[in-house]
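Residue-level listing of the chains:
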Amino acid sequence: MNRTTVSLIAGVAALAAVTGFASMSEPDTSGTDTAKAAAQLPVERTSLLCPAPSTSDLAETAYTSFTPVAEGTGDDGAAELTAAGEESADGKTDADKGDKKDDGKDGKEKAVLTPKEPGKPVTGEASGAESPALVGTAEGRFAPGWTVQQTTEIAAGSGRGLLGTNCTAPDTEFWFPGASTAKERTDYAHLTNPDDSAAVADIELYGKDGALKSTVGEGIQIPPHSSEAVLLSTLVDEPQTNLTVHVTVRSGRVAAAVQAIDDKLGGDWLGPSTDPAGSLVLPGIPKDATSVRLVAFAPGDADADLKVRLASPNGPITPAGNETLHIKAGMTAAIDLGDVTRGEAGSLMLTPTGRPTPVVAALKVTRGKGDKQETAFIPATGPVDTRATAADNRSKGSTLSLVAPGRAAKVKVTASAGSGGGTAASKTYTIKGGTTQNVELPVPSGLKGTYALTVEPQSGGPVYAARMLEEASGGVPMFTMQTLPDDRGTVEVPDAAQDLSVLQK
């Protein structure tokens, strides 16, 4: 197959808290176990890779790096983002050949972004189609909760719109419901290998009738520190409007995302759905959404029957005519919910009508009318357990949605200092159970530049969050959505001395 090799995404969040050797063991049921409770300590190292943003010459990309202030990190540490090595025709990267396009005096790759201190965003810019993927590493006090947002504006042509993504983590399995090979769509699955050895991955596609036969999606080789962009339409014979993409890794790790471009409706990044689960939350549907499509997939051997509800500002609502969704095992199902929010904030809640069956899901959201439409995606996401952050918020155009699908919850939201100046500000909100609230954001006093929003649940039930960033251009309501799962800025570390005693038995 003729695949396009590009330097692009990927993210790694290598959560490492090196505090000594530890071995987990079952508690001593005799009552003599004196193991201490595990401690939550800040992670010591985090790595992130950002996608090559676009192939458009009109692309203007902004990068924003931010680390929340965390306790227990010490005063040491550093972080930086540099251009990823691109594979050449001879199979060697720039680093292999000693070719440094941005050489400094020390011969090292010039950093694109170098954060100076936690609590204050740092920004950078790139233009055109030649902008490379970025590789980043944060250590010490910069590592816990490190977030990098990539936002690209394309004024016209293919992919017109606002495309945004958080730089993501490597793994061995990803689910992307909401992809398409319809004639108006150009969707690429981007696979990036952050490691020193080659990775091997498979791409499986599932449509409304089940698995689509394809051998060209098997055994895709991703060289070290390189990316592969696979055009999904080359993997199937017939166009498919609603697809679920399943990426599995045979060897190594990859970071994965789908870039979805519509000829008339703009485009955005489709992030992976959270792991298959019996109940899912898809937060932050814009209140002025003109069209919402739900795409879901049941990866197991059993059919799934889901109750579909909208968490509105006043409580749960069942969409008329779409009260339930039946998903056959191994098949992709989709329903059009229209303007389901009807001018109010909303989030979708999927729960089993009977025995829970694991599913994955995502929403395709459209704003605008006629030839002034724009699309974005909301994958199912996990709750904010301790903390989550959305970087690249501007004085205008940022909307934060908070959802409490079960019990009411109290949530603290902090707006950081601005990248160019300003003082951080915080507010605390109470979100009623079963509701979505688009909260009035705290704004840093004296704000200059962009700022980050950090969400921290204080009490009550689970909280889910999403941020919409919008910017009108030529009458087109350009926007992008990012969900805010927990940043995993801490790691549970058992008492090492106690665990070592277990090994001596």
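Residues numbered from 1 in each chain as written. Predicted model: local features only at pLDDT ≥ 70, side-chain atom pairs only at ≥ 80, totals over all residues. Heavy atoms only, no water.

**Some thoughts on the confidence of the model for the protein**
Any residue range with low pLDDT should be treated as having predicted coordinates unsuitable for detailed reading. Threshold: What pLDDT reports is the predictor's confidence in each residue, on a scale of 0 through 100. Note on contacts: a residue pair is in contact if any heavy atoms of the two residues lie within 4.5 Å.
Averaged over all residues, the pLDDT of the protein is 86; the fraction at 70 or higher stands at 85%. Confidence drops under pLDDT 50 across residues 86-108; counting only partners more than four residues distant or on other chains, this segment forms 25 contacts. Here residues 497-505 is modelled with pLDDT under 50, and outside its nearest four sequence neighbours on either side it reaches ten contacts, counting other chains as well.

**Let's talk about the state of the cysteines**
Our working definition: Any two cysteine sulfur atoms within 2.5 Å of one another count as a disulfide. Secondary structure elements are defined from DSSP: runs of H or I of at least 4 residues count as helices, runs of E of at least 2 residues count as strands, and each element is numbered from the N terminus. Burial classes: relative accessible area under 20% of the type maximum marks a residue as buried, over 50% as exposed, and values in between as partly exposed (1.4 Å probe, protein chains only).
Across all of its chains, the model carries one disulfide by this definition. Between the sulfur atoms of Cys 50 and its disulfide mate Cys 167 the distance is 2.1 Å. Judged by the sign of its S-S torsion, about 100°, the bond between Cys 50 and Cys 167 is right-handed. With Cys 50 in strand β2 (residues 45-50) and Cys 167 in the loop between β9 (161-166) and β10 (173-179), this pair connects stretches of sequence that are 117 residues apart. Per residue, the accessibility class of Cys 50 equals that of Cys 167, and both read buried.

**Re the environment of Glu 125**
Residue position: Glu 125 is located in strand β6 (residues 122-127). You can call Glu 125 exposed: its relative accessible area is 74%.

**Thoughts on the nonpolar core**
Heads up, the rule is: Think of a nonpolar core as a cluster: buried Ala, Val, Leu, Ile, Met, Phe, Trp, Tyr and Cys residues, connected wherever their side-chain atoms sit within 4.5 Å.
Among the nonpolar cores identified, the biggest contains 31 residues, and Leu 294, Ile 327, Leu 348, Leu 350 and Leu 363 are the most heavily contacted of them. It is strand β21 (residues 304-312) that provides the largest number of residues to this core, a total of four residues. Those residues in contact with Leu 350 that lie beyond four places of it in its chain are Gly 278, Ser 279, Leu 280, Leu 282, Leu 294, Leu 306, Lys 307, Val 308 and Ala 361. Core analysis: the next-biggest nonpolar cluster, separate from the first, contains 26 residues, Ala 179, Val 236, Val 245 and Ala 256 among them.

**Describing the pattern of salt bridges**
The condition is simple: The working definition used for a salt bridge is a side-chain nitrogen of Lys or Arg within 4 Å of a carboxyl oxygen of Asp or Glu.
Throughout the structure, instances matching the rule amount to twelve salt bridges. Each of Asp 288, Arg 367 and Glu 470 takes part in a single network of salt bridges with overlapping partners.

**Quick word on the sheet that holds strand β7 (residues 134-140)**
Strands belonging to one sheet form pairs held by backbone hydrogen bonds; the direction of such a pair is parallel or antiparallel. As a reminder, the rule being used: Only strands that DSSP links by at least two bridges are regarded as paired with each other. The angle between two axes is taken between their N-to-C directions and runs from 0 to 180 degrees, where each axis is a line fitted to C-alpha atoms and a helix contributes only its stretch in contact.
Reading across the sheet, the four strands line up as β2-β7-β4-β5 and stay open at both edges, with antiparallel pairing between neighbours. Each having just a single partner strand, β2 and β5 (111-113) make up the two edges of the open sheet. Taking each pair of neighbouring strands and ignoring which way they run, the sheet shows an average axis angle of 30°.

**Comments concerning the packing of aromatic side chains**
Short version of the rule: Two rings from Phe, Tyr or Trp (for Trp, the six-membered ring) form a pair when their centres are within 6.5 Å of each other. A pair whose planes differ by under 30 degrees is stacked, one over 60 is edge-to-face, and the rest are tilted.
A full pass over the atoms with the stated rule returns three aromatic pairs. Between the aromatic rings of Phe 174 and Phe 176, the centroid separation amounts to 6.3 Å while the plane-to-plane angle is 15°, which identifies the pairing as stacked. Just as Phe 174 is buried, Phe 176 falls in that class too. Where Tyr 206 meets Phe 297, the ring centres are 4.7 Å apart and the plane angle is 40°; that geometry is what we call tilted. Of this pair, Tyr 206 sits in strand β12 (residues 199-207) while Phe 297 is found in strand β20 (residues 291-297), placing the two residues 91 residues apart along the sequence. Phe 297 gets classed as buried once you look at its relative accessible area, which sits at 1%.

**Comments concerning the pairing of strand β29 (residues 398-404)**
For β29, the tally of buried residues reaches six of seven residues, placing the bulk of the element in the interior. Both β29 and strand β36 (residues 464-473) contribute to a ladder of six bridges, which runs antiparallel. Within β36, the residue paired with Leu 400 across the bridge is Arg 467. Bridge count for β29 against strand β33 (residues 435-439) is five bridges, and the pairing is antiparallel. Looking across to β33, one finds that Leu 400 is bridged to Val 439.

**Here's the deal with a negative patch on the surface**
The condition that has to hold: Note on patches: the residues involved have over 30% relative accessible area and no salt bridge, like charges join within 9 Å, and the nonpolar side chains Val, Leu, Ile, Met, Phe, Trp and Tyr join within 5 Å. Accessible surface is estimated by sampling points in the Shrake-Rupley manner with a 1.4 Å probe; for residues, cover comes only from the protein chains shown. In this tally Asp and Glu are treated as negative and Lys and Arg as positive; neither His nor the chain ends contributes. For the purpose of locating charges, the reference atoms are NZ of Lys, CZ of Arg, CG of Asp and CD of Glu.
A surface patch of negative charge is lined by Asp 171, Glu 173, Glu 204, Glu 218 and Asp 275. By the element assignment, Asp 171 lies in the loop between β9 and β10. A relative accessible area of 40% places Asp 171 in the partly exposed class.

**So, the sheet that holds strand β30 (residues 409-415)**
Overall, antiparallel pairing links the four strands, which are arranged β28-β35-β30-β32 in an open sheet. The strands lining the two open edges of the sheet, one partner per strand, are β28 (388-393) and β32 (425-431). Each strand axis lies, on average, 20° off the axis of its neighbour in the sheet, ignoring direction. As judged from the seven bridges shared by β30 and strand β35 (residues 451-460), these two strands associate in the antiparallel manner. Paired with Ala 409 across the bridge in β35 is Gly 460.

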